[in-house]
Amino acid sequence: MNKNIFTNIETAWCPGCGNHSILSALKETLNILDKKPHEVLIVSGIGQAAKLPQYITTNGLSGLHGRAVPPAAGAKIVNKKLTVIVNSGDGDSYGEGGNHLIHNIRRNIDITHFVHDNQVYGLTKGQASPTSDVGFITDIQPNGSNNTPLNPILLAIALGCGFVARGFSGDHEHLINLMIEGIRHKGYALIDILQPCVTFNKVNTYQWYQERVYKLGDEYDTGNKLLAMEKSMEWGKKIPIGIFYKEDKPDFHDKISFLKEGLPLVDREIDFKKIYEFMNDFR
Amino acid sequence: MIYNILIGGAAGLGMETLALFLEKILKRNGFEIFVIQDYMSRVRGGHNFFQIRFGNEAIDSHEDTLDGIIALDQETVNNHVNRLKSDGFVIADEETNIVHKNAYKLPLKSTAKEIGKAIVYGNIALGALLSLFNLDLNGIKDIINEKLRGEVAGQNIKALEVGHKMISGKYYLQAERKDDQILINAHEAVALGALASGLKFYSGYPMTPSTGVMNYLAARMNDAEVIVEQAEDEIAAINMALGASAAGVRAMTATSDGGFALMSETIGLAGMLEVPLVIVEAQRPGPATGLPTRTEQGDLKFAIFSSPSEIPKMVITLRDPEDAFYQTNRAFNIADKYQIPVILMSDQFLADSTRTIKAFDFRKIKNNRYLSTEAYSTNNEYKRYEVTDSGISPRIIPGKSADNLVLFDSDEHDEYGHITESAKVREIMHDKRLRKMTYLKEELQEPLFVGDENADTLLVTWGSLSSPVREAVRLLNKDCNKKYAALLFGDVWPLPDKLLIEKEKNIKELISVEQNATGQFASVIKECTGIVCDNSILKYDGRPLSAQEIIAKVKGGESM
C-alpha cells in the first residue's frame, strides 16, 4: 500500500456514479493543499458515499448511519492539528443525521462536511431522501414523495454556518476549488455536492443537472446573508453552484482559551498534582 | 452512637445549602456521615427532604426511623413525624401545627424577618439543632464564609447565633477529629476518578440522575483543561466521545436509563471499531420517563446486553463513593487495554447519597494507555485490526506518525480496516474480538465477602445495595443466633464466579437482594453458574432499600 499519495483503490461504486468524481476531486484537493495522508482524518456514516474513507489513503473512521459528524467533532476538538473531513450522503447527513448537522454548525467546529447529494438512497436501493423532489416516485413512495425537500443551503445559512457552498460532481475543476476553500475555511464548512445516481435516480440525471446548474459569478457577494438566502431558494430550471455565503468568525477552539492556546489536547500530560488538589473541595 | 436527622421543606427554600452546612460541620467535628436526598421532579415546591445520619461509628446505610426533624414547612411535620423514635424531637416554626412532646416551636420566621432575610429561618433552626447536640458555632462560621460572601454571609451567621441561643444542650456525642476524611457522593467520585485517569473529553446530555458527573467536571473544566460538551442528544454524546477516544484521548459519557438506550447502537460500534470508551449508566426507575428522581437497579441485563450482535464489553457496578473513584480509574485502564466499551453502573441512590470516607489515595491510581511502541515501516505495516492471540490489536494514535494510517471501520473488515464480505474473514474477526473476553476474565475482581465465615444464609447483591447489605449483615450477626454473610459484587460482566461457587457449597440459603422486580442479578448468576437463588429480596417502588428493611425481610422470612 503506497501511502505517500492518495492512492487509487478499487471501489464498489457503479460505473458513472458521481462519487468517483467527488473522490478524485478530493484527492486532488488534498494534493494541492499539500496535505500528507496521516494529517487527514476522513469520517463517514453509512451509505454509498460513506464508503469513501475506504477508497483513499488517509486516516478514516466509518461510523454509524447518520452519525458521521459527532465523532468527527470529537476527534477535531481533541486534535486540532488533524484536518477533519466528513464525507457522507444526503440521507446520512440530512435525514438520520439532521440533528447533528444543525448543532455542529452551531458549535462551529473546524471541519469540512462534503455531502454527496444524489437526492436518493443508494445503499438501500432507491428510496426517497430528504432532498428528493416532490413527486419523486420510488418503490415505497409509489405516489411520489409528498414531503417538501430539505434545502440544505438555506438551512445552513439560517443556522449561521460560516461557509456554505454547492458543487456539482460534473464540474470537477469548480468542485476542487470549492473543496480547497472549504478546507481552508476556519470553522464548519458545508458543501452540498449534486451528483447523479445512475442506478436509482432516473430523474435527476447527469444531463438533468448539466442543463440546470450555473456558477455564481465573480460579482456575487458571498458576504451578503440576505442575498445568500434568496439565492439558496433558487431551484428548478436554474440551479446555482458556488459559494453562497462565507463569514469568518471564531470557531469552537477560539472560544475556549485552553483549547486555543497550546498543544492539542491529545498531546497534553495530566497535571496530577492539580487534580489531587481538587479533592480539597470535599474536605 | 448514631443519630438520624431529617431536614424537610419545599424546593427553593435553600434546603440544599442548609444540608451542606450541617454535613460539613458534622464532618469537621469528626463524625461519620451518610446523607440521602429525596426530591420530587420539580424546581419549586413539592416535598423534598434530606436525611442526615451521623455518629461516631461506621454508617453504611440510611435509616427510616428518625431521632430528629427540622421542619421548614407543615408538610414535613405531616409526612414524617410518625417516623420519630419515642424520644425524638422536632424543630419547627412556632406557627407550625404540631402535637409532640419534644416539639421545639421556635420563632423562626419572625426572627428571620428581624435579621432582614426571610430565607435564613432555616439557619436559625440549624443553630438550634447544633445547640441541642452541644456543638459550638466556631467551625460553621468558616464553612459559611467559604460558601457565601458579604452581607448574606453575615445574615446567615447571625441567624445561626440567634438559633443557637434558643435551645439548650441535650445530646453529648464526641468523635475524634480526622484530617484524612472527605465528604463526597459517588458521581463526584467518578468525575474525580476520571480526571485522575487523565480524562480529556466528556460529552453528555443532561439526564437525572447522571447529571452530577457532568456538573462536577464542568466546574473543573478550565482548571483541568478537560472539554465538557453538552451534546444535542445522547447519540451525539457517545459518538463525540468515541471520536475523541479514536483520536487518542481518554473520553467518557454518562447518562441514565432511556439515554442509555439511545447510546446502545454506539456501544456496539465501539466494540466493532475497537475504540476504548467509558460509559456511566446511572439507573432510575423506568422505562420511559418512569420516576425520574428516584432509584432502581432495573438496567442490569440491559447494560450487559446493550449492543446489537455480540461484542466484548465489561460492566462494573459501583458500590460506594470510594469504590467509584478507584473503579473509574480501572475502567479507563481496562477500556484502553482491551479497546472495548466499559460500562460503570450507578443509580439515583448513589448519585444523591453523600458520605464521609477516607480521602482517596492517589498513589493507587495507575494510568496505562497500552499504546503500541513498535516501529512500523513498509516491510512491517501497521494493521489496525491485526489478528493476535489475545484478540487485542496494536493501537496507535492517528496523525502521530507519517508512515502509519489508522482506518476504523464499522463494516466487517480485514486487518487493515478494509470492508469485506468474506465469510472466512467475518469468522476470524468476530472470533478475534470476542477472544478478548477470555483474557478479560483474568482481570475480574471477585465480590467482597462480609459477615460470618460459617454463615447459614448468604446474601448476594451488587452495586449500590452493597452498603445497606453490609450494614444489615453486621446488625443481623450482632443480635441473631443464625449467622449471616454476603457477597457484594462490583464486577458483574463478565461475572466473577469463583467465590460464589466456593461459598455456596456450605450454606443453607442463598438470597439475592436487588432493587428491581424480576431478580435480574439472580438470573445472571443462574445463567453463568447454574446456581439458583432460594429467595430474593426485591424492592422497586423507587425508594432506596435500607439495612433495616433488609433485616426485617430476612428475619420475617418474607423474602420472596
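What you see is a predicted model; the values in this text were computed from it and never measured. The residue numbering used here restarts from 1 in each chain and proceeds along that chain's sequence as written. Working convention: letters from A go to chains and numbers from 1 go to ligands, in the order in which they are written. Owing to the predicted nature of the model, reporting of local features is limited to residues with pLDDT of at least 70; listing and counting of side-chain atom pairs is limited to 80 or more, with chain, interface and lining totals taken over all residues. With hydrogens and water stripped out, all remaining heavy atoms of the structure feed into the side-chain values.

1. Points about the environment of Gly298(B)
So, step 1. Counting through the fold element by element, Gly298(B) comes out in the loop between β11 (277-283) and α12 (300-304).
So, step 2. Sequence separation between Gly298(B) and Glu514(B) is 216 residues; the distance between their C-alpha atoms is 8.9 Å. Per the convention used, a helix needs a DSSP run of H or I reaching at least four residues, while a strand needs a run of E reaching at least two, with both numbered from the N terminus.

2. Some details on the interface of chain B and chain A
So, step 1. Throughout, a contact is declared for two residues whenever any of their heavy atoms are within 4.5 Å. Contacts between chain B and chain A engage 70 residues on the former and 51 residues on the latter.
So, step 2. Simply put, the buried area is the total loss of 1.4 Å probe accessible area from both parts when two parts are fitted together. When chain B packs against chain A, close to 5,100 Å² is buried across both sides, 63% of that on carbon and sulfur atoms.
So, step 3. Of all residues in chain B, Glu232(B), Phe362(B) and Leu405(B) give up the largest surface area on contact with chain A, accounting jointly for 13% of the area buried on that side.
So, step 4. Here, a salt bridge means any Lys or Arg side-chain nitrogen found within 4 Å of an Asp or Glu carboxyl oxygen. At the junction of chain B with chain A, the criterion picks out five salt bridges.
So, step 5. Here Lys400(B) ties to Asp267(A) by a salt bridge, and the two come within 2.3 Å at their closest N and O atoms.
So, step 6. Within 3.5 Å is the distance limit for a polar contact, defined as a pair of N or O atoms, with the added protein rule that one can donate a hydrogen and the other accept it, and that residues adjacent in sequence qualify only through two side-chain atoms. Across the contact surface, chain B and chain A share 24 residue pairs in polar contact (both at pLDDT 80 or more).
So, step 7. Top element by residues in the side of chain B that touches chain A is helix α10 (residues 234-246) of chain B. It accounts for eight residues.
So, step 8. A per-class count over the side of chain B that touches chain A returns 36 nonpolar, 16 polar and 18 charged.
So, step 9. When DSSP finds at least two bridges between two strands, those strands are taken to pair. In terms of strand pairing, strand β2 (residues 59-62) of chain A meets strand β15 (residues 407-409) of chain B through three bridges, oriented parallel. Bridge pairing in β15(B) places Leu61(A) opposite Phe408(B). Residue polarity follows a fixed list, in which Ala, Val, Leu, Ile, Met, Phe, Trp, Tyr, Cys and Pro are nonpolar, Asp, Glu, Lys and Arg are charged, and the others, Gly among them, are polar.

3. With respect to the packing of aromatic side chains
Residues and elements named next belong to chain B.
So, step 1. Each aromatic pair joins two rings of Phe, Tyr and Trp (for Trp, the six-membered one) with centres within 6.5 Å, and gets the label stacked for planes under 30 degrees apart, edge-to-face for over 60, and tilted for any other angle. Summed over the entire model, instances satisfying the criterion amount to 27 aromatic pairs over all chains.
So, step 2. Measuring from ring centre to ring centre gives 6.2 Å for Phe34 and Phe349, while their planes differ by 35 degrees; the resulting arrangement is tilted. Pair noted here: Phe34 is in strand β2 (residues 32-38) and Phe349 is in helix α14 (residues 348-351), with a separation of 315 residues, a long-range link.
So, step 3. Measuring from centroid to centroid gives 3.9 Å for Phe325 and Phe360, while their planes differ by 5 degrees, and the two rings are stacked. With a gap of 35 residues between them, Phe325 in helix α13 (residues 321-338) and Phe360 in the loop between β14 (353-358) and β15 connect regions that are remote in the sequence.
So, step 4. Joined through ring pairs, the aromatic side chains of Tyr3, Phe31, Phe54, Phe89, Tyr104, Phe133 and Tyr171 make up one cluster.
So, step 5. One cation-aromatic arrangement involves Lys503 over Phe449; the distance from NZ or CZ to the ring centre is 4.0 Å. Look at NZ for Lys and CZ for Arg. If either is within 6 Å of the ring centre and within 35 degrees of the ring normal, a charge sits over the ring.

4. Here we look at the domain arrangement of chain B
Residues and elements named next belong to chain B.
So, step 1. Segment limits for the domains were obtained from an automatic or database-derived domain assignment. Once the domains are mapped, chain B shows domain 1 (2-166), domain 2 (183-364), domain 3 (371-443) and domain 4 (448-556).
So, step 2. Placing a centre on the C-alpha atoms of domain 2 and another on those of domain 4 gives a separation of 25 Å.
So, step 3. Taken together, the contact pairs 27 residues of domain 2 with 28 residues of domain 4.
So, step 4. Across the domain 2-domain 4 interface, the total number found is one salt bridge.
So, step 5. At the boundary of domain 2 and domain 4, one finds 18 residue pairs in polar contact (both at pLDDT 80 or more).
So, step 6. Looking at the side of domain 2 that touches domain 4, the elements that each hand over two or more residues are α12, β12 (314-317), α13 and α14.
So, step 7. Its residues assigned to classes, the side of domain 2 that touches domain 4 comprises eleven nonpolar, six polar and ten charged.

5. Here's the deal with the confidence of the model for chain B
Predicted coordinates in regions of low pLDDT should not be interpreted in detail.
So, step 1. Residues of chain B with pLDDT of at least 70 account for 99%, and the chain-wide mean is 95.
So, step 2. The ipTM, which scores confidence in the relative placement of chains, is 0.97 for this predicted complex, and the corresponding pTM is 0.96. Known as pLDDT, the predictor's confidence for each residue is given on a scale from 0 to 100.

6. Here we look at the packing of helix α16 (residues 466-479) of chain B against helix α19 (residues 547-556) of chain B
Residue and element names in this part refer to chain B.
So, step 1. For helices, the axis comes from a line fit to the C-alpha atoms of the stretch in contact; other axes are also lines fit to C-alpha atoms, and the angle between any two N-to-C directions lies between 0 and 180 degrees. Across the interface, α16 lies against α19 with an axial gap of 8 Å and an inter-helix angle of 55 degrees. Of the possible angle classes, the one that applies to α16 and α19 is oblique. In the crossing of α16 with α19, the sense of the turn from one axis to the other is right-handed. Contacts between α16 and α19 involve Pro468, Val469, Glu471, Ala472, Leu475, Leu476 and Asp479 on the former and, on the latter, Ala547, Gln548, Ile550, Ile551, Val554 and Lys555.
So, step 2. Considered class by class, the residues forming the contact of α16 with α19 number nine nonpolar, one polar and three charged. Should an angle lie under 35 degrees it is considered roughly parallel, over 145 roughly antiparallel, and from 65 to 115 roughly perpendicular; all remaining angles are considered oblique. Handedness of a crossing follows from how the near helix is turned relative to the far one, being left-handed for an anticlockwise turn of less than a right angle and right-handed for a clockwise one.

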